[in-house]
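# Examination of the molecular architecture
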Amino acid sequence: MKHIFADRMSLLGTETAFEVLAKAKKLEAQGKDVVHLEIGEPDFDTPKNIIDAACRALNSGYTHYTAAPGIPEVRETIAQYIRSQKNVDASADEVVIVPGGKPIMFFSIMATVNPGDEVIYPNPGFPIYESVIRFCGGKPVPIPLREENQFRLDVNELAKLITPKTKMLIINSPGNPTGGVLTNQDVKAIADLVRGKEILVLSDEIYDRIVYGDTHPLSIASLPGMKDWTIILDGFSKTYAMTGWRLGYGVMHPEIAAKIAQLMVNSNSCTSASTQMAGKEALTGPQHDVDTMVAEFKKRRDIMVNGLNSIPGVSCILPEGSFYVFPNLKSFGKDCKEIADYLLNDAGVACLGGTAFGAYGEGYLRFSYANSVENIQKALERIETGLGKMR
């Protein structure tokens, strides 16, 4: 059937985490015990107050279409959250609610990037960035994230990548897969670099509540002259353990928001009404569950990093955000995907090779520590034993 598909389909990439999850599930069905450190989702249940809000909404008639950009009161709630949490003077007409975070990536690039336009994106980084850039006919321009710079982009290197064809810059802090966090100085320097150049910034801030330092990440949209040229991507999946609810949003200039809403009309019509009301409760209700989750993630992070650094041939820097570690296994002299496959099939630990996130991820693995301490310790023992056999 190959001949029936549009040529553009060959440009789409994938997200390897789901492929590895499927392989791991298949091994489990065959009786093999697997520790899942491959998938990027909290292992906690959605807080009860959020679930209850969705049930109340369903019982109150929130079972119909909504406006394409979202329910007005929920958009206003998100705008209030953006004003207080990110110090960005947002209004409801700048908010578009979508089913998950990915549509903001897809729609923002589709609505603004013409064939031949250049888009600078982090590498290693979330693989859907590059996939959608290519699908829309743009030219992906990777900005390397290097371990020696704590997996933060180098602003001087970024300056050399900007050309008259640069249409968009994608930044992600805290970052997937590395857990790297841009410093406030980094963000200000990036703003100084792009300000006045008519370059859109897609700022992926989906992990900005999962940080372990004393300073909350700075949104580039909060800096002078940047709000109109920034699209904030955020959502509920990571912070509130709501991956299966499919609820995200973007905050952007009203003219861009109108185009994103138009794409919603042509694809999803709208986001589930009851889910939107659950999101309203998430932002306005008690936040202690978020604090508890982040504290637990920090404990797991420390166990994971200490454990990895005790394994001969492995080195791992301490990530400042998200729930991923990105250890260096270059000393083994093997392709990272080969190591990841070996750990899954022989050691019973599911993880991802660094090249699942771009060419600059070679030599690294990504482990998600969104799992219990018991399972993390079991995985570390298996990793040490497995890697010992590879040396």
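Cut-offs used in this document
Residues numbered from 1 in each chain as written. Predicted model: local features only at pLDDT ≥ 70, side-chain atom pairs only at ≥ 80, totals over all residues. Heavy atoms only, no water. Axes fitted to C-alpha atoms, helices over the stretch in contact; angles between N-to-C directions. Helix = DSSP H or I, 4+ residues; strand = E, 2+ residues; numbered from the N terminus. Parallel < 35°, antiparallel > 145°, perpendicular 65-115°, else oblique. Left-handed = near helix turned anticlockwise from the far one by under 90°. Contact = heavy atoms within 4.5 Å. Nonpolar A, V, L, I, M, F, W, Y, C, P; charged D, E, K, R; others polar. Salt bridge = Lys/Arg side-chain N within 4 Å of Asp/Glu carboxyl O. Buried < 20%, exposed > 50% of the residue type's maximum accessible area, 1.4 Å probe, protein only. Patch = residues over 30% accessible without salt bridge, like charges linked within 9 Å, V, L, I, M, F, W, Y side chains within 5 Å. Areas by Shrake-Rupley, 256 points an atom, 1.4 Å probe, with all protein chains shown as cover. Polar contact = N/O pair within 3.5 Å; in protein donor to acceptor, adjacent residues only side chain to side chain. Pairing = 2+ DSSP bridges. Arc of directions from axis to C-beta.

Let's shift gears to the packing of helix α2 (residues 48–59) against helix α9 (residues 273–284). Packing of α2 against α9 leaves a shortest axis separation of 8 Å and a crossing angle of 140 degrees. As judged from the angle between their axes, α2 and α9 are oblique. In terms of crossing hand, the pair formed by α2 and α9 is right-handed. Seen from α2, the contacting residues are Asn49, Ile50, Ala53, Ala54, Arg56, Ala57 and Leu58; seen from α9, they are Ser274, Met277, Ala278, Glu281 and Ala282. Along the lines of polarity and charge, the residues of the contact of α2 with α9 split into 8 nonpolar, 2 polar and 2 charged.

Think of two packed helices as two axes; the pair is described by the angle between the axes and how far apart they sit. Look at helix α1 (residues 16–29) against helix α11 (residues 336–347): their axes get within 11 Å of each other, and the N-to-C directions meet at 25 degrees. Taken together, the axes of α1 and α11 are roughly parallel relative to one another. α11 is crossed by α1, and the crossing has right-handed handedness. Of the residues in α11, those in contact with Val20, Lys23, Ala24 and Leu27 of α1 are Lys337, Leu344 and Asn345. Taken together, the residues of the contact of α1 with α11 break down into 4 nonpolar, 1 polar and 2 charged.

One pass over the structure, following the stated rule, counts 21 salt bridges. A salt bridge links Lys227 to Glu94; its shortest N-O distance comes to 3.0 Å. You can see Lys227 sitting in the loop between β6 (200–204) and β7 (230–235) and its partner Glu94 sitting in the loop between α3 (72–85) and β2 (95–98), a full 133 residues away along the chain. On the basis of relative accessibility, which here comes to 5%, the residue Glu94 falls in the buried class. Ionic contacts of the salt-bridge type, sharing partners, join the residues Asp43, Glu296, Lys299 and Arg300 into one network.

This part is about unusual backbone geometry. With an omega of 5 degrees, the peptide bond running from Asn123 to Pro124 counts as cis. Counting through the fold element by element, Pro124 comes out in the loop between β3 (118–123) and α5 (127–135). In the segment running from Asn176 into Pro177, the intervening peptide bond is cis, with an omega of 20 degrees. Tracing the sequence through the fold places Pro177 in the loop between β5 (166–172) and α7 (184–194).

On to a nonpolar patch on the surface, then. A cluster of nonpolar side chains, Met1, Ile4, Phe5, Met9 and Leu12, forms an exposed patch at the surface whose accessible area comes to about 540 Å². Inspection of the secondary structure puts Ile4 in the segment before α1.

Next up on the list: the environment of Glu147. Position of Glu147 among the secondary structure elements: in the loop between β4 (139–144) and α6 (155–161). Placed 124 residues apart in sequence, Glu147 and Thr271 show a C-alpha to C-alpha distance of 39 Å. Polar side-chain contacts of Glu147 include one of 2.9 Å to the side chain of Asn328.

Below, the discussion takes up the pairing of strand β8 (residues 248–251). Of the two faces of β8, the one carrying Gly248 and Gly250 and the one carrying Tyr249 and Val251 are both buried. Pairing of β2 with β8, which is carried by 4 bridges, proceeds in the antiparallel orientation. Each residue of the ladder has a partner; that of Val95, found in β8, is Val251. With 4 bridges joining them, β7 and β8 adopt antiparallel strand pairing. Bridged to Leu233 within β8 is Gly250.

Further remarks concern α7. Of the positions making up α7, those classed as buried are Asp186, Val187, Ile190, Ala191, Leu193 and Val194. Summarising the axial view, the buried residues of α7 lie within an arc of 160 degrees, below the 170-degree limit, and thus occupy one face. Set apart from the buried face of α7 by more than 90 degrees, the exposed residues are Gln185 and Asp192. If you follow the buried residues of α7, they end up packed against α6, β5 and β6.

Structural measurements only, silent on function.
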